[in-house]
Amino acid sequence: MSVRTVPFGAWESPIDAVKAASFDGRPEWLGAVGDELWWTAPRPAEGGRRALMRRGADGTEVCALPAPWNVRSRVIEYGGVPWAADAAPAGGGGPLIVFTHFDDQRLYAFRPDLPDAAPRPLTPVSRVGGGLRWADLCVMPERGEVWGVLEEFTGEGATDVRRVIAAVPLDGSAAEDRGRVRELTDDSSRFVTGPKLSPDRRQAVWTAWDHPSMPWDGTELRIADVGDEGFTGIRTLIGGPDESVPQAEWAADGTLYAVTDRSGWWNLHRVDPATGNAVNVCPREEEFGGAGWKVGLRWFAPLPDGTLAVLHGRGALRLGVLDPVTGELTDAPGPWTEWDAALAVNGSRVTGLAASAMTGHEIVELDTVGGHTRSVGAAHADTVDPGHLPRPVERIFTGAGGRDVYAHVYPPHNPDFIAPEGELPPYVVWVHGGPTSRVPMVLDLEIAYFTSRGIGVAEVNYGGSTGYGREYRNRLRERWGVVDVEDCVTVAEALVKEGSADPARLAIRGGSAGGWTTGAALTSVTTFACGAISYPILDMAAWAAETHDFESRYTESLVGPIAEVPERYKERSPVYRADGVAGPFVLLQGLADVICPPAQSERFLSHLTGQGAPPHAYLTFEGEGHGFRRLETIVACLEAELSLYGQVFGFTPPGVPRLGLSS
């Protein structure tokens, strides 16, 4: 096929919305069960469920549970490790798996290798809160129990909730009797992670924190003695309101390790269980941990020989093996540039979830003896010609006050098309959620959906993002809606200034906290001609009372205590600046969203008054929560967004339904 000259945005692409949506999501919650690997995988075409997958010792991959089983926890709404296993239960017969089913949040147990295996419930359904919720589990065969985080609602309000570490009998006797659930801690801490047992099973550690802190602000590493009746002698080892401890683990010899940011970076420390004395075993201006948006993330894992498998880096996280005695750190070879916090260990082998700019997330194994890496599960396979994928570049821009702003720039790319001479491409700034989070530079067919049509994408890790130390995270403290907007504008205007982007064809898009920044930008600056806003925060003061418990006081650090600075909440909220929206927009909202409820979007639309309201569309989706998971929803959103850009930027995207816009 000869190269054709067609305006940016109107290029034909083999990546349609269905193809992009079919590969939405990634494997999660990888774990080793004997010589097997288990994990959960996305199923957009099956109502967005998470399937439990199993890779046998022979390399065969199977789905262990058919639809409608959905292995996903709702603890803190973002979830946590939803399954655990006993690899060799008494009596043989293959592993025992315990998991959380999303629909009722009950724990279930099943023996996949036994004849007529079927899940059986272990926990009851509560009368309020959509079920007793469970995450970060640990099977305790010697006690005939499974231990983990219990989240229990005590009333109908979003903050009427308590969390404790609890034990559930494996015999099913608690399936109808809440009284059979044994609580191991009290509810004096608002949030807890699951217990990590010492090799002799005599001590347990976990992290805990309270409002108004978020887990990246301040947590405490707790330790307790484990007796016949549960935990005793609970005390704090390290941590506090200004120190974040996202993970702790015991080594086989009884050494306790923890990640803490007391140095300004999440570094690995050896912690004395008796005194709490902590020694940094690899001081670096790099991160060895991250933000605890989910319960049970694993950035490091002890190996039998005393070394540690670690994820580390400044920005992107890569896999390495650390000698905690010498501080020597050896990186794993291979083309993977980004690793998720999901490490699993079996003997001298470390497995994790890794990706690159040209490959999606797959299960990768490092043989720490031979030093070799290989893909062993959920292997990446090219679903489109790699020639149609973008070629991203990691950039550092200079923002307000001379500060660094990190971004990934994806120029338009399609080997079959070029634009007319002298035409500059449209660009869309993508704003990640969180906001205390980070976007990795990995293959994303939703980005390729746009770049292969001639639309550039710039993902911005604005001030407040993780991966660059605590000082960078703290840039957003009390300045949310300011620093994030400034940094997005910085990237967009820099692309214009260098001649990479058309100044009249800039857009911005984001979901959740990214939806907030998108709305804030569209109502405060004129840089962007249009935008796509998904499941957003738009009315800051109201959101604190409308959202779920985990983030209900998040704004105290992001904006300031509302009792002290109420005017700040109003000044920055897009809902109060709706009449000043810079251009057309599409608003996308799940009607089952309890994190950013539909009331936020509806309130914003109600403030669009007068004849000056820009063209816009409001699309809602029954059954969708925070973050869209269903194939048909993702398809509708991608096509609506592309149509919006076409109408505003003056091109007709081939094969895409026209989005109806109203004023």
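The name recorded for the chain in an unreviewed UniProt entry is Prolyl oligopeptidase family serine peptidase, from Streptantibioticus silvisoli.

A. Spotlight on the packing of aromatic side chains. By the definition in use, this model includes 30 aromatic pairs. Each ring, one from Y78 and one from F550, has its centre 6.2 Å from the other, and the planes form 75°; the classification is edge-to-face. Taken together, the residues Y78 in the loop between strand 5 (61-63) and strand 6 (83-86) and F550 in the loop between helix 6 (540-546) and helix 7 (555-558) connect sequence positions 472 residues apart. Owing to a relative accessible area of 1%, F550 belongs among the buried residues under this scheme.

B. Spatial organisation of unusual backbone geometry. In this structure, the amide linkage connecting A67 to the following residue, P68, adopts the cis form with an omega of 15°. As for its placement among the helices and strands, P68 is situated in the loop between strand 5 and strand 6. For the peptide bond that leads from H211 to P212, omega is 5°, which places it in the cis range. Here P212 lies in the loop between strand 16 (203-209) and strand 17 (220-227). Backbone geometry at D136 places phi at a positive 55°, although glycine is not the residue there. Inspection of the secondary structure assignment puts D136 in strand 10 (residues 133-140). When its relative accessible area of 7% is taken as the criterion, D136 is described as buried.

C. Molecular detail of the nonpolar core. Membership of the largest hydrophobic core comes to 87 residues, with the highest contact counts inside it found for F231, L268, W480, F528 and F585. Aside from chain neighbours lying at most four places away, what touches F585 is L522, G531, I533, F604, L605, L608, P614, P615, H616, A617, L644 and L661. Listed in part, the 46 residues of the second largest apolar core include W430, M441, Y449 and F628.

D. Here's a closer look at the sheet that holds strand 5. With respect to topology, 4 strands assemble into an open sheet ordered 2-3-4-5, the strand pairing being antiparallel. The open sheet has two edge strands with one neighbour each: strand 2 (28-33) and strand 5. Averaged over all neighbouring strand pairs, the angle between strand axes comes to 25°, with direction disregarded. Here 7 bridges tie strand 3 (residues 36-43) to strand 4 (residues 49-55), and the two strands are oriented antiparallel to one another.

E. Geometry of the packing of helix 4 (residues 483-497) against helix 5 (residues 513-522). It is at 9 Å that the axes of helix 4 and helix 5 come closest, and there the two elements cross at 75°. Regarding the angle of helix 4 to helix 5, the classification is roughly perpendicular. Taken together, the residues of helix 5 that come into contact with helix 4 (itself represented by D484, V485 and C488) are W516, T517, A520 and A521. Across the contact of helix 4 with helix 5, the residue classes tally to 5 nonpolar, 1 polar and 1 charged.

F. Representation of helix 4 in the model. Taking 1.5 Å of rise per residue, the 15 residues of helix 4 would be expected to cover 21 Å, and the 20 Å separating its terminal C-alpha atoms lies within 8% of that figure. The set of residues buried in helix 4 consists of V483, D484, V485, D487, C488, V489, T490, V491, A492 and L495. Where the residues of helix 4 are buried, they touch strand 32 (393-398), strand 33 (404-410), strand 35 (427-431), strand 36 (456-461), strand 37 (506-512) and helix 5. Backbone geometry just downstream of helix 4 places G499 in the positive-phi region, at approximately 85°.

G. The arrangement of the sheet that holds strand 26 (residues 329-331) in detail. If you trace the 4 strands from one edge of the open sheet to the other, you get 23-24-25-26, paired in antiparallel fashion. Single-partner strands in this sheet number two, and they are strand 23 (300-302) and strand 26. Adjacent strand axes in the sheet meet at a mean angle of 25°, parallel and antiparallel pairs treated alike. The sheet contact formed by strand 24 (residues 308-312) and strand 25 (residues 318-322) spans 5 bridges and is antiparallel. Pairing of V310 across the sheet is with G320, part of strand 25.

Rules used in this analysis
- Residues numbered from 1 in each chain as written.
- Predicted model: local features only at pLDDT ≥ 70, side-chain atom pairs only at ≥ 80, totals over all residues.
- Heavy atoms only, no water.
- Phe/Tyr/Trp six-rings, centres within 6.5 Å; stacked < 30°, edge-to-face > 60°.
- Helix = DSSP H or I, 4+ residues; strand = E, 2+ residues; numbered from the N terminus.
- Buried < 20%, exposed > 50% of the residue type's maximum accessible area, 1.4 Å probe, protein only.
- Core = buried A, V, L, I, M, F, W, Y, C linked by side-chain atoms within 4.5 Å.
- Contact = heavy atoms within 4.5 Å.
- Pairing = 2+ DSSP bridges.
- Axes fitted to C-alpha atoms, helices over the stretch in contact; angles between N-to-C directions.
- Parallel < 35°, antiparallel > 145°, perpendicular 65-115°, else oblique.
- Nonpolar A, V, L, I, M, F, W, Y, C, P; charged D, E, K, R; others polar.
- Expected span 1.5 Å × (residues − 1).

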